Amino acid sequence: MQPNERYFPVVGMRCAACAEKVEQAVAHAVGVESAAVLYTERILHVRYRPTETSPEALAKVVEGVGFELILADTEYELAEQHRKALLEDAKRMRRNLIGAWVATLLMMLLMLLPFPHLVHQLGMALAAASVYFFFAADYHRAALRQIVHGVFSMDTLVSLSTTVSFVSGVLALFGGWGIFTDAHIYFDATVMIPAFVLLGKWLEQRATQRTGDAVAALVESRPRWALQMRDGVATEVPVETLKVGDRIRVRAGEAIPVDGVLLKGTTSVDEQLISGEPLPVEKVVGSSVFAGTLNCEGAFTMEATSVGRDTILGTIIETVRHTQTDKPPIRRIADRIAAIFVPVVMGLSLLTLLLWLLLGDPLDAWRWGMRCAISVLVIACPCALGLATPTALTVMVGETARRHILIRKAASMEVLPRVTHVFLDKTGTITSGHPEVVEETWADGVSPEGLMPLFVAMEQQSTHPLAAAIVVHAALPEDLVLPSLDSVETFVGKGVEAYSEGVCYRIGNAGFVGATPHPEAEGSEVFFSREGQVVARLLVADRVTEESREAVADLRKRGIEVVLLTGDNHGAAQTAAQAAGIEEWHAALLPHEKLEIVAKARAKGAVVAMVGDGINDSEALGEADVSLAFASGSDIAVSVADITLAQNDLRLLPQAIEIAKRSLRTIHANFFWALLYNFIAIPLAAGALYSAWGILLSPTISGAAMAFSSLSVVTNSLLLKRRLRREK
């Protein structure tokens, strides 16, 4: 039995360390083949064997490490429950944030205004107690629940630091046994640490939601309800209940619920979501329609051919989600650091206290040592490290999806900026993929008007790809009655022979017709003969698109070598290469020869990208460092490719390279600043500069620094999003 692949929302994760623990727990569960958590979306992507485990069993595994997995019967119910959970979490966080800051303002007033000593002390104690027992309670509950299961996260640091501060403040309030003095030092930390942390997490939550809005837009474009036709009556049903073969009524202005074919009616459809083209597309009986696109005009009846995840939109959403949870090498490094970060910080905090007790002034060592130990707990930030990669990766995946670039393997985006050679297939890659007649020559004394209708009648009997191009080129009136043919015989790989009124006619290649071929013909030659006499020659070629010329010029401007690989003849290859601006080309290649050329380039140290769309390109695609295929290409080419280009536009390749380059630069910057922050902040909080310059950070300042370090990483990723959209 094939494994199931599902996405489940997770409730209760507050930092990257939480996500790492959920991921590890599920990954090691029985029956699970792979698991990955996208922290920015709070989603678990799991691949499991249904004969060995179930969603309910996975929920217990997640609950076992202190978190909650949302389960539902349908994807829409799952999304709705996830939305409600996020709204409830946001509402609770906003309430706690307001309460903590009201207590902070009260604490500031008590410290600044000349209240009586008793009022001052009791007021600070009440403010600290309200924050500790109410507004910061979520951190304590989460930390206790996680510690029981061996999980250490940001919740642990916040809870531990505020607990130590509050207990120390209470002891100082009642005398402190000569050790704990100055209750306000501890009470202000108890109040202000959660206030700054909550402010940072609230801003971070709002920002991370914006990094994934492109994916959310895709999900929201799917309608929830559809009008299913039953015995001629339209009944409104949930979209997830539709099956292949169902008949559906779509009214003007409604989004199309599934992929299908139009059975009755005519309309125009806005397909910009799928194709990127801004103009509506006319649809008649027999036309294909796609889920998520908008019916602009008339009502019509359609038959479902693909539903749910099997629709084109469903495939796009699944691809994007898979890429978001996929882990490129740089993200794995960050996650490993984040996973051990909290226990290391707790050890450093204890070491700070011990060093102050051993080396500090005996009279103040405990007071200052405790203060510095709390500062170390608070200032260390695993979230900045954990967010460094996924926030930028989420922006990158969303922005590439908006440009109809679907990344199937996130690691490929680390390779793209280093590409030195791009190998291109010809047909359908740099050309339109639709052959057309570019040259027409008739023998002297032969009238095209008399013979063309007969040749069109013969080509309509042919299944050869060039036959359709010739029929289109002839452009005969629709009401013209074509000549009748007495007999028609197709010779595979050669041409068609037919008799009309006792006369033999042939259409095909030079050998079949008895013509002399042109060795350097810039395309495929098709000859017509009558009773063995050649009467016409057509040259059919697949033109190089203007988009391909622009893409090649862009790639060469970046210093990338562009090479054309084709199985077509030398004349056609040379013409296409020259038209596209490509200097190096290889013609008449078999699939294994394309593979050998790519492998040889890699052996010489080149970083290779291969773009192809046919079965004959699949071996070369598999050999390349990064492979790209057009969605319109063969199934095997698309399945092998790391990146799918949803539009037949080669300009998407340099766009993908530029997005990957900018995204990788942002990830490196996020990672660098997160590490630098912790490298500087932890020693500073421990009091390393106190003896030399008297610099000592209070726990309150440490809490503010920790909160805004995470926010700075998310903000940098959002700036990437703004830059990419501005330059589109």
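Residues numbered from 1 in each chain as written. Predicted model: local features only at pLDDT ≥ 70, side-chain atom pairs only at ≥ 80, totals over all residues. Heavy atoms only, no water.

K.L.:
I'd like a description of the overall build of the chain, backed by residues and values.
P.N.:
Scanning the chain from terminus to terminus reveals 25 helices and 26 strands. Each of the 728 residues in the chain was classed as buried or not, and the buried ones make up 53%. Considering only residue pairs separated by 6 or more positions, the chain has 67% of its internal contacts joining residues 24 or more positions apart. Roughly 32,400 Å² of accessible area belongs to the chain as shown, and the carbon and sulfur atoms make up 58% of that amount. (Helix = DSSP H or I, 4+ residues; strand = E, 2+ residues; numbered from the N terminus. Buried < 20%, exposed > 50% of the residue type's maximum accessible area, 1.4 Å probe, protein only. Contact = heavy atoms within 4.5 Å. Areas by Shrake-Rupley, 256 points an atom, 1.4 Å probe, with all protein chains shown as cover.)

K.L.:
Tell me what's going on with the sheet that holds strand 9 (residues 267-270), and back it up with residues and numbers.
P.N.:
Sheet architecture is open: 3 strands sit in the order 10-9-12, paired in antiparallel fashion. Taken across any chain shown, the strands that pair with only one partner, and hence form the sheet edges, are strand 10 (281-283) and strand 12 (294-295). Here 2 bridges tie strand 9 to strand 12, and the two strands are oriented antiparallel to one another. Of the residues in strand 12, the one forming a bridge with V269 is N295. (Pairing = 2+ DSSP bridges.)

K.L.:
An account of the side chain of E525 is requested, with residue identities and associated values reported.
P.N.:
Inspection of the secondary structure puts E525 in strand 20 (residues 524-530). The exposure class assigned to E525 is buried, which follows from its relative accessible area of 15%. Within the structure, the side chain of E525 is placed 2.7 Å from the side chain of H518, a separation counted as a polar contact. Here R537 takes part through its side chain, which lies 2.7 Å from a polar atom of the side chain of E525. In this view, E525 contacts G508, N509, P517, H518, R537, L538 and L539; residues no more than four positions away in its chain are not counted. (Polar contact = N/O pair within 3.5 Å; in protein donor to acceptor, adjacent residues only side chain to side chain.)

K.L.:
Break down the sheet that holds strand 4 (residues 68-69) for me, with residues and values.
P.N.:
The antiparallel open sheet is built from 4 strands, whose spatial order is 2-3-1-4. Bordering the open sheet on either side are strand 2 (32-38) and strand 4, each of which pairs with just one other strand.

K.L.:
So what about the pattern of salt bridges? Which residues, and what values?
P.N.:
Going through the model one piece at a time under the given rule, you end up with 25 salt bridges. E399 serves as the salt-bridge partner of R402, at 3.3 Å between the closest nitrogen and oxygen. Separated by 3 residues within a single helix, R402 and E399 lie in helix 13 (residues 382-402), roughly one turn from each other. Taking the relative accessible area as the measure of exposure, E399 reaches 2% and is therefore buried. One salt bridge connects R543 with E436, and the closest N-O pair in it is separated by 2.9 Å. Of this pair, R543 sits in the loop between strand 21 (533-541) and helix 18 (546-557) while E436 sits in strand 16 (residues 436-442), and the two are 107 residues apart along the sequence. Under the relative-accessibility criterion, E436 is labelled partly exposed at 32%. Several salt bridges share partner residues, and in doing so they unite E5, E33, R47, R49 and E52 into one network. (Salt bridge = Lys/Arg side-chain N within 4 Å of Asp/Glu carboxyl O.)

K.L.:
Please provide a residue-by-residue account of helix 15 (residues 448-459), values included.
P.N.:
For helix 15, built from 12 residues, the straight-helix expectation of 16 Å at 1.5 Å per residue is met to within 8% by its first-to-last C-alpha distance of 15 Å. By the criterion of burial, helix 15 is predominantly enclosed, with 9 of the 12 residues buried. Turning to helix 15, its buried residues number three or more, namely L451, M452, P453, L454, F455, V456, A457, M458 and E459. (Expected span 1.5 Å × (residues − 1).)

K.L.:
Please give an account of the UniProt feature "transmembrane region" (unreviewed entry) in the chain that cites residues and values.
P.N.:
The feature "transmembrane region" (unreviewed entry), as annotated in UniProt, sits at residues 96-113, 119-137, 157-179, 185-203, 337-359, 374-398, 671-695 and 701-720 in this numbering. In this annotation, residues 119-137 is assigned 95% helix and 0% strand; the end-to-end C-alpha distance for the span is 25 Å. In the segment residues 671-695, helix accounts for 80% and strand for 0%; the C-alpha atoms at its two ends are 27 Å apart. (UniProt positions renumbered as here; feature names shortened; annotations may be inferred.)

K.L.:
Outline the packing of aromatic side chains, supporting the account with residue identities and numerical values.
P.N.:
Applying the stated rule across the entire model yields 10 aromatic pairs. A connected cluster of aromatic rings, assembled from ring pairs, spans Y132, F133, F166 and F187. Its guanidinium or amino end placed over the ring of F491, R506 lies 5.9 Å from that ring's centre, counting from NZ or CZ. The ring centre of F512 lies 4.2 Å from the NZ or CZ of R506, which sits over that ring. (Phe/Tyr/Trp six-rings, centres within 6.5 Å; stacked < 30°, edge-to-face > 60°. Lys NZ or Arg CZ within 6 Å of the ring centre and 35° of its normal.)

K.L.:
Give me the pairing of strand 6 (residues 233-238): which residues, what numbers.
P.N.:
Alignment of strand 5 (residues 225-230) against strand 6, held across 6 bridges, turns out to be antiparallel. Within the sheet, the bridge partner assigned to A226 lies in strand 6 and is V237. Here strand 5 folds back onto strand 6, and the loop between the two strands holds 2 residues, one of which, D231, carries a positive phi near 55 degrees.

K.L.:
For the side chain of T431, give the residues involved together with the corresponding values.
P.N.:
Relative to the helices and strands, T431 is located in the loop between strand 15 (421-425) and strand 16. With relative accessibility at 4%, the residue T431 sits in the buried group. There is a polar contact of 3.3 Å between the side chain of T431 and the backbone oxygen of K426.

K.L.:
Could you give an account of the nonpolar core, naming the residues involved and the relevant values?
P.N.:
By size, the foremost hydrophobic cluster in this structure holds 61 residues, and its most contacted members are M13 and V26. Take this core: its biggest share by element is 7 residues, from helix 7 (residues 183-211). Looking at which domains feed residues into this core, each of domain 1 (4-71) and domain 2 (86-214 + 321-394 + 667-726) gives three or more. Discounting residues that sit within four places of it in the chain, M13 has contacts with C18, A19, V22, V37, Y39, R42 and F67. (Core = buried A, V, L, I, M, F, W, Y, C linked by side-chain atoms within 4.5 Å. Domains from an automatic or database assignment.)

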